[in-house]
Amino acid sequence: MKKIIWTIVIVLVLILIGAGIYIYSLYNTFDEGVSSSYEPTDKERSDLRKEDATVEDSFTVLILGTDENESRAEKENLDGDDFRTDSMILATFDKNNDDVKLVNIPRDTLAYLKTEEYFDKINHAHMYGGPSASMDAVERLLNVPVDYYVRINMAGVVDIVDSVGGVEFDVPFDMNEPNQDDNGRIELSEGVQELSGAEALAVVRSRRVDSDLGRGNRQMELVEAVLNKVKSSGGLSKIDDLIKVVADNTRHNFTTKDIRQLASYYAFNDISFDSTQLRGTDYWQQGNGAYFYRADDEHLFVLSNTIRSILEMEPSEPFDLLQLRLGDYLVPYEYMDDYMLTEHQPEVIPYFAEEGYESSYGDGFETEEFDYEESDVEGEDDLEDTTEGDFNQGNQAPQDEGTEEPAQGENYNNEGYYDDGTNNQNDSYYDDGTETEDEYYEGSNSNSLNNGYYY
């Protein structure tokens, strides 16, 4: 009897020792994974914050998915900061209500890029200045602080989904997409099914049937699916594999302590998700035909105040948002001077900022899911073309040769459409060679765009 008892004790001790070794190993793996993928930005905190953000309170995270791939990086001698972002999602963690609000920002969204001093597609920000530039572009777009970032290369999606044993996902339509290495095809039928990593990547990258906006919805749905799978018992059992995958495929500015606190909070609380896609309209640049997505002013304003409320900040005034303040002057590739960026004020307050107005957007997240069949947003004509239509050489912005001018009577108005042929002082698409009242760019006239860049 004593031998049996001692045998049981010895076995239990061995199990405890084994568990202790595993836990210690996992602890070290976690520390090494977080440390190796940690990459701080060049500023300690957002300029919109008075104090440093902390994961103990409500905070924001910008999730960046880049178009990086190993073969292209080696061939063109590029590092992670040199690639554009294929996806951009701003996540706001509401600690008071155990809620995470996700805003998908379409990659073609027209936004001010501080590094270039002009408006451009927001997905170009990362290519010009890495995560810091992307964070700054989103802050200027929404007038909310961006506290943290997580960058993942799209190939890493495959490993992350596989590491948690796949995810259940509702594929919206039949798909036949190239695989990760472009040497085969991924075929999927419409409907709910378990997706492998390669299949998940094909689903979130596809835009053959709908558009970049439809793809944005799928990307947010996949983020939620992965988070829910990680939280499940099956996902947690593979947490050590997930840590290694994250270390290899991501960069972020969370400290080890931050992530431990966040993981503990997420594991022991029932978190809900609210998501929306930034509403907007098509916008084609006159002259070279480049496509942009212009965010809806009202949706920007509502989202800004919802997020600021969660962060316990004072609400935005309408002209705190750069797009609302500059309005008629949102022209791609034109240099913006300090006066326009900091002092210019429109005379009329937008109707949606008037006291008592109730927005149809609600809190900004009470919007219908994007329906590509019903939407009047067309997007780019050729969604199969992975190159940027407004780029001629490498990563340089299009340049204006200065040789072509609109025909008589075809001047362009503030919204990018033709007007009646008269020159409008707010019309920055074309003028008569004289400087406007607001000298918001350097140079003689508007059709020499971007200080010598060619169109």
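Residues numbered from 1 in each chain as written. Predicted model: local features only at pLDDT ≥ 70, side-chain atom pairs only at ≥ 80, totals over all residues. Heavy atoms only, no water.

Before going further, it helps to examine the packing of aromatic side chains. Enumeration over the complete set of coordinates arrives at 12 aromatic pairs. Between the aromatic rings of tyrosine 283 and phenylalanine 292, the centroid separation amounts to 6.2 Å while the plane-to-plane angle is 85°, which identifies the pairing as edge-to-face. Residue classification places tyrosine 283 among the buried residues on the basis of a relative accessible area of 3%. Phenylalanine 292 gets classed as buried once you look at its relative accessible area, which sits at 0%. For the pair phenylalanine 292 and tyrosine 333, a centre-to-centre distance of 6.0 Å together with 65° between the ring planes defines the contact as edge-to-face. Here tyrosine 333 lies in the loop between helix 11 (322–326) and helix 12 (338–342) and phenylalanine 292 lies in strand 14 (residues 291–295), a separation of 41 residues in the sequence. Like tyrosine 333, phenylalanine 292 is buried. Among the aromatic side chains, those forming a connected cluster through ring pairs are Phe59, Phe93, Tyr148 and Phe254. A cation over a ring is seen here: lysine 95 above tyrosine 265, with NZ or CZ 4.3 Å from the ring centre. (Phe/Tyr/Trp six-rings, centres within 6.5 Å; stacked < 30°, edge-to-face > 60°. Buried < 20%, exposed > 50% of the residue type's maximum accessible area, 1.4 Å probe, protein only. Helix = DSSP H or I, 4+ residues; strand = E, 2+ residues; numbered from the N terminus. Lys NZ or Arg CZ within 6 Å of the ring centre and 35° of its normal.)

Before going further, it helps to examine the environment of threonine 255. Along the polypeptide, threonine 255 turns up in the loop between strand 11 (250–252) and helix 9 (256–267). Each C-alpha atom of the pair threonine 255 and serine 35 lies 7.6 Å from the other, and the pair is 220 residues apart in sequence. Contact partners of threonine 255, with chain neighbours within four places excluded, come to Val34 and Tyr38. In this structure the side chain of threonine 255 is engaged in a polar contact, spanning 3.0 Å, whose partner is the side chain of aspartate 258. (Contact = heavy atoms within 4.5 Å. Polar contact = N/O pair within 3.5 Å; in protein donor to acceptor, adjacent residues only side chain to side chain.)

Proximity of charged atoms lets side chains of opposite charge pair with each other. Here the structure, examined in full by the defined rule, presents 9 salt bridges. The shortest N-O distance in the salt bridge between arginine 251 and glutamate 39 comes to 3.7 Å. You can see arginine 251 sitting in strand 11 and its partner glutamate 39 sitting in the loop between helix 1 (2–37) and strand 1 (59–66), a full 212 residues away along the chain. One salt bridge connects aspartate 274 with lysine 101, and the closest N-O pair in it is separated by 2.8 Å. Here the residue aspartate 274 occupies a position in strand 12 (residues 272–277), and lysine 101 occupies one in strand 3 (residues 99–104), the gap between them amounting to 173 residues. Look at aspartate 274 and you get partly exposed, because its relative accessible area is 30%. Note on lysine 101: relative accessible area 9%, which makes it buried. Each of Glu39, Arg151 and Arg251 takes part in one network of salt bridges that share partners. (Salt bridge = Lys/Arg side-chain N within 4 Å of Asp/Glu carboxyl O.)

Helix length check: helix 10 (residues 297–310), at 14 residues, gives a terminal C-alpha distance of 20 Å against a target of 20 Å (1.5 Å per residue), a fit within 8%. Counting buried positions over the 14 residues of helix 10 gives 12, a clear majority of the element. Of the positions making up helix 10, those classed as buried are Glu298, His299, Leu300, Phe301, Val302, Leu303, Ser304, Asn305, Thr306, Ile307, Arg308 and Ile310. The opening residue of helix 10, the one whose side-chain oxygen lies 3.1 Å from the backbone nitrogen of glutamate 298, is aspartate 296. Positive phi shows up at glutamate 312, right after helix 10, with a value of about 60°. (Expected span 1.5 Å × (residues − 1).)

Everything listed here is a matter of coordinates, which is why it stays silent on function.
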